[in-house]
Amino acid sequence: MSSYLGKSKSVSQFLSFVLTCHLFLLIGMIHSSPPENPIQCSSPSNSNCTVTNSMGEFSDRTICRVSNAIYPRTEQEVVEAVAMASKNNIKVKVATRYSHSLTKLVCPDESPDGNLIISTMYLNRTLSIDNSTRIMIVEPGVLLRDVMSEAAKFGLALPASPYWWGLTIGGMISTGAHGSTLWGNGSYVHDYVIGLQIVTPASPDEGYAKVRVLDINHPDIKAAKLSLGVLGVISQITLKLQPLFKRSITVVRENDSDLATRATTFGKEYEFADITWYPYQRRALYRLDGRVSSNISGNGLNDFTGFRSTLTLGLAVVRSSEETQEATGDANGKCISARVTTFALRISGFGFSNDGNLFTGYPIVGFQNRLQASGSCIDGSPDALITSCPWDPRIKGQFYHQTTVNLPLSKVKNFIEDVQTLRDLVPEAFCGLELSSGIWMRYIKGSNVYLGTDEDSMDFDFTYYRSKNGSTPRLFEDILEEIEQIAVFKYGGIPHWGKNRNVGFIGAINKYKHADEFLKVKESYDPSGVFSSKWTNQILGLDQSGVTIVKDGCALEGLCICSQDIHCAPQKGYVCRPGRLYTSARVCTDINRVFTDITPVLLEEEDLGFSDM
């Protein structure tokens, strides 16, 4: 501890160290208040409503107002709702149980005739499972958690999915949600869909709505399996599963000096490989993850620390600490907090346990349904918000931006090298990322859906601090803006449809070879645009106003790329300047810090009294 105190630059750094450690002692101790319904109505008849996402805030911070919300329990009730909307030309969107898409896909346009939100909350049944054919048929509101657990009862498994089990099957396929694999059918959930039923608008002769049944051979399924919700309401999904299998997981920590080269091949070595990169610490965590014989002993469980119930008091303390670091420009404090956070996660096995209770070391061996995903914070009973999921908007907790960009494997090496060059210029700028689990890198196999990536690629996931005040710039605002623009423009990266700031969607539709085919299906299924909105028209290139919103301070939240100082925060010293490495970028730079940067305290874990492992 004396070594730590000797290298600290401020008392705030020491407090950050203590408080961060204290938080990890509290995580996962008691059950959690589950998230509330993202649809909130002022009337018992479900009228005069608002709808939001899991963070409680869209990228433009606007409030999405909806005239009426309905909760169908059958496909026929969906048909009736769509027919009513189609007949009256009322704008409609579909909402999921927890609304985890951060973009405005869920928000219908307002109009004098009103608008409508259809929730899939009660369309949550497993309709059938056949272990001889390995076919599972579900309604769209079934959670990933329940898909995995129900399939396992029949000795079956969904081979690939996101790692958070609070997503619905309908939401996952509609936004291109995925896991990490280049093997087999790939990592997209929709590539395990062999059929679906979708309720779309129809002519008056057809009753204004109809159910379209699409199997794997129907050409329109390439649009319907990743539809962004603009074709209609998915009412039934048929999945092709695999026999239940075991996996063995080992996480290895290595220097990142060869990351740029190794990342291009690592996904071919292990079926479920992924990488977590800590640029400031110059370390990468390689997940050695693949199938093993079911005869190998092990009953491992994934209960990821970041998805567990957490004491809201602890969350508030940690958030306040980061807000103070941001306000005071305490880069060193952030770097120390990042080291403590990543160390605590690593020694706890990131929430993995060998037997469902304790983490005793790698490898973790267990069945697919117990290791692929987690999210225990949604499974608790209400406790007056003493505990919650860490991002619950009702409490003072995590509040962040998320930039997720997909790059072909052929461009991964150069992109990583560019990020490393920026890291070498301003290493402390990356500590904020490491407080939110670093740069997460997942592998995606090419898919034949119209709005998916059509070649093997890698997803780069950046999660970082967002102020509750949209006009407040972030510490090292310019660095992450430059990385975002390098990925999107220099290397032509495509966005995750359910994440990203507005900047990530600039020109996105032009990067898809089969965009025209998708738009033809859209026009055929919903010619009046009942399921379209200004936002979906913008990202699909149908609204020429584009996705950017130009106003004072717009670049601070990724609503625009700055071209004038007023797009940043000149009154706080943030002005529009070229990027440091990618000079075509335009970023909000703190001109005071440019000339007054101090060398950060580069602490190793040993300096904090920790031993390496």
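Computed from a predicted structure; not experimentally measured.

Conventions we followed
- Every residue gets a number counted from 1 within its own chain, in the order that chain's sequence is written.
- At least 70 in pLDDT is required for a residue's local features to be given in this predicted model, at least 80 for side-chain atom pairs to be given and counted, and no such filter applies to totals for whole chains, interfaces and linings, which use all residues.
- The side-chain numbers reported here are obtained from all heavy atoms of the structure, hydrogens and water having been left aside.
- Helical segments are the DSSP runs of H or I of at least four residues, strand segments are the runs of E of at least two, and each set is numbered from the N terminus.
- Burial classes follow relative accessibility: with a 1.4 Å probe on protein chains only, a residue under 20% of its type's maximum area counts as buried, one over 50% as exposed, and anything between as partly exposed.
- Each accessible area is a Shrake-Rupley result for a 1.4 Å probe, and residues are judged covered by the shown protein chains and nothing else.
- Neither His nor the chain ends contribute to the count of charged residues, in which Lys and Arg are positive and Asp and Glu negative.
- By convention, the charge on Lys lies at NZ, on Arg at CZ, on Asp at CG and on Glu at CD.
- Strands were regarded as paired on the criterion that DSSP finds at least two bridges between them.
- The axes used here are C-alpha line fits, helices contributing only the stretch in contact, and every angle between their N-to-C directions lies in the interval 0 to 180 degrees.
- Contacts are residue-level and defined by heavy atoms, with any inter-residue pair within 4.5 Å sufficient.
- By disulfide we mean two sulfur atoms from cysteines, separated by a distance within 2.5 Å.
- To estimate the expected span of a helix, count its residues, drop one, and scale the result by 1.5 Å.
- Basic side-chain nitrogens of Lys or Arg form a salt bridge, by our definition, when they fall within 4 Å of a carboxyl oxygen of Asp or Glu.
- Note on terminology: a nonpolar core comprises buried Ala, Val, Leu, Ile, Met, Phe, Trp, Tyr and Cys residues joined through side-chain atoms within 4.5 Å.
- pLDDT expresses how confident the predictor is about each individual residue, on a scale running from 0 to 100.

As a further point, take the overall build of the protein chain. In terms of regular secondary structure, the protein chain is built from 16 helices and 26 strands. Viewed in the frame of its principal axes, the protein chain has a C-alpha envelope of about 80 × 65 × 50 Å. Buried residues in the protein chain amount to 59% of all 613 residues. In the form shown here, the protein chain has an accessible surface area of approximately 22,900 Å², with 52% of it arising from carbon and sulfur atoms. A distance of 1 Å separates the average location of the 58 positive side-chain charges in the protein chain from that of its 64 negative side-chain charges.

Taken in spatial order, the five strands make up an open sheet running β1-β2-β3-β5-β4, and their pairing is mixed. At either end of the open sheet lies a strand with only one pairing partner, and these are β1 (39–41) and β4 (91–95). Averaged over all pairs of adjacent strands, the angle between their axes in this sheet comes to 45 degrees, without regard to strand direction. Helix α3 (residues 75–88) contacts β3 (64–70), β4 and β5 (115–119) of the sheet and is inclined by roughly 165 degrees relative to β5.

This part covers the state of the cysteines. Such a bond, covalent and formed between the sulfur atoms of two cysteines, is termed a disulfide. Enumeration according to the criterion identifies seven disulfides in this entry. Note that Cys 377 is cross-linked by a disulfide to Cys 389, the S-S spacing being 2.0 Å. Between Cys 377 and Cys 389 the disulfide shows an S-S torsion of about 95 degrees. By sign, it is right-handed. Of this pair, Cys 377 sits in the loop between α10 (368–371) and β20 (387–388) while Cys 389 sits in the loop between β20 and β21 (400–408), placing them twelve residues apart in sequence. By the burial criterion, Cys 377 is buried, and Cys 389 matches it. There is a disulfide in this structure between Cys 562 and Cys 576, and the S-S distance comes to 2.1 Å. Around the S-S axis, the bridge from Cys 562 to Cys 576 shows a dihedral of about 80 degrees and counts as right-handed. Of the two residues, Cys 562 sits in the loop between α15 (534–539) and β25 (574–578) while Cys 576 sits in strand β25, which places them 14 residues apart along the sequence.

This part covers unusual backbone geometry. The omega torsion of the bond from Tyr 362 to Pro 363 falls at 5 degrees, within 30 degrees of zero and hence cis. Mapped onto the fold, Pro 363 is located in the loop between β18 (352–353) and β19 (364–367). Although it is not a glycine, Arg 61 sits at a positive phi angle of roughly 60 degrees. Mapped onto the elements of the fold, Arg 61 is located in the loop between β2 (47–51) and β3. For Arg 61, a relative accessible area of 21% puts it in the partly exposed group. We note that Ala 384 has phi near 60 degrees; this positive angle belongs to a residue other than glycine. With respect to the helices and strands, Ala 384 occurs in the loop between α10 and β20.

A rise of 1.5 Å per residue sets the reference length of helix α8 (residues 312–328), with its 17 residues, at 24 Å; its end C-alpha atoms lie 24 Å apart and thus fit the reference within 8%. Listed as buried for α8 are Thr 312, Gly 314, Leu 315, Arg 319, Ser 321, Glu 322, Gln 325 and Glu 326. Immediately beyond the C-terminal end of α8, within one or two residues, lies Gly 329, with a positive phi of roughly 65 degrees.

Moving on, we come to the sheet that holds strand β13 (residues 246–255). Reading across from one edge, β19-β13-β15-β14-β22-β23-β21-β24 is the order of the eight strands in this open sheet, with antiparallel pairing throughout. The open sheet is flanked by β19 and β24 (494–495), the only strands paired with a single partner. Sheet strands touched by helix α13 (residues 477–490): β21 and β23 (457–465). Its angle to β21, the strand with the most contacts, is close to 30 degrees.

Summed over all chains, the structure comprises 32 salt bridges. Residues Asp 303 and Arg 308 are paired through a salt bridge, measuring 3.4 Å at the closest nitrogen-oxygen approach. Across the pair Arg 474 and Glu 477 runs a salt bridge, and its minimum N-O distance is 3.4 Å. Just as Arg 474 is buried, Glu 477 falls in that class too. By sharing partners, the salt bridges in this structure join Glu 57, Arg 61, Arg 466 and Glu 557 into a single network.

Looking at the element boundaries, Asp 113 is found in the loop between β4 and β5. A sequence separation of 428 residues divides Asp 113 from Gly 541, and the C-alpha atoms of the two residues are 26 Å apart.

Turning our attention to the pairing of strand β14 (residues 274–278). Counting buried residues in β14 gives five out of five residues, a clear majority hidden from the surface. Residues Asp 274, Thr 276 and Tyr 278 point to one face of β14 and Ile 275 and Trp 277 to the other, with burial holding for every one of them. Across five bridges, β14 lies against strand β15 (residues 283–292) in antiparallel orientation. What sits directly across from Tyr 278, in β15, is Arg 283. Hairpin connection from β14 to β15: four residues lie between these consecutive antiparallel strands, with Arg 282 at a positive phi of about 60 degrees.

Residues Leu 228, Leu 231, Leu 451 and Ile 539 are the most contacted members of the largest nonpolar core, which totals 64 residues. Breaking this core down by element, the ones donating at least two residues are β7 (135–138), α4 (144–153), α5 (169–175), β9 (193–201), α6 (221–224), β11 (233–240), α14 (515–525) and α15. What Leu 451 contacts, discounting residues up to four positions off in sequence, is Leu 226, Leu 228, Trp 497, Ile 509, Tyr 512, Phe 518 and Leu 540. Core analysis: the second largest hydrophobic core is formed by 47 residues, Val 419, Cys 431, Met 441 and Val 488 among them.

The pLDDT averaged across the protein chain works out to 93; a share of 92% of its residues lies at or above 70. Segment residues 606–613 is flagged for pLDDT under 50; beyond a separation of four residues in sequence, or across chains, it makes 20 contacts in the model.

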